[in-house]
Amino acid sequence: MPEDYPDQFDEVVDFIQATIKRLRRSPDKQTPIFSRRERNRQHAATNLENSNKKGRRNQRGKNRGCVLTEIHLNVTDLDLGYETKEELIFRYCSGSCDAAETTYDKILKNLTKKKKLVTDKVRQACCRPTAFDDDLSFLDDNLVYHILKKHSAKRCGCV
């Protein structure tokens, strides 16, 4: 029987290795993804314990509105044309990046308003993935092997 499918052997081995990696990263061992409020509470508690009397201004981050959010889905729900019962935790970036506006961004806006620049639209920073999860490997209902690359966010930032 293995001689009937010699060209698929490498794909099956890749699938098994990816599945083992995914099992090693099981949800039991992952660090929980907290809401912004919960992270701020934990951060404040840590700062009280390790207080070095620095001003609050130094603790504020530029990406505080841009957060990583997760949802449990079936791969079919991604609407990429795959029919499968395989499930995944899909992580995505959401939130505002208003706090990430730099002096450079303000200058561009001002120059555009005064018609000193040719472009009439200055792009604003947006909340996007800065890193992605490992590739997702799965078999569809027809037992065809697939790999999704850059399918789920790992970290978010204002870009």
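Coordinates for the structure precede this section.
First, a word on what this report is: a plain description of the structure on this page. (Residues numbered from 1 in each chain as written. Predicted model: local features only at pLDDT ≥ 70, side-chain atom pairs only at ≥ 80, totals over all residues. Heavy atoms only, no water.)

**Regarding the state of the cysteines**
Working step 1: Throughout the structure, instances matching the rule amount to 3 disulfides.
Working step 2: Paired by a disulfide, C66 and C127 hold their sulfur atoms 2.0 Å apart. Classification of the bridge connecting C66 and C127 rests on its S-S torsion, roughly 80 degrees, and on that basis the disulfide is right-handed. Here C66 is found in strand β1 (residues 66-74), whereas its partner C127 is found in strand β3 (residues 127-132), with 61 residues between them in sequence.
Working step 3: The disulfide partner of C97 is C158, and the gap between their sulfur atoms is 2.2 Å. Its torsion about the S-S bond being -85 degrees, the disulfide of C97 and C158 is classed as left-handed. Of this pair, C97 sits in the loop between β2 (87-95) and α3 (103-113) while C158 sits in strand β6 (residues 153-158); the two residues are 61 residues apart in sequence, bridging distant segments of the chain. C158 matches C97 in its accessibility class, with the two residues each being buried.
Working step 4: With its disulfide-bonded cysteines labelled consecutively along the sequence, the protein chain is connected as 1-4, 2-5, 3-6.
Working step 5: With no disulfide of its own, C126 lies 6.5 Å from the sulfur of C97, the closest cysteine sulfur.
Working step 6: On the basis of relative accessible area, C126 is assigned to the partly exposed category, the value being 36%. (Disulfide = S-S within 2.5 Å. Helix = DSSP H or I, 4+ residues; strand = E, 2+ residues; numbered from the N terminus. Buried < 20%, exposed > 50% of the residue type's maximum accessible area, 1.4 Å probe, protein only.)

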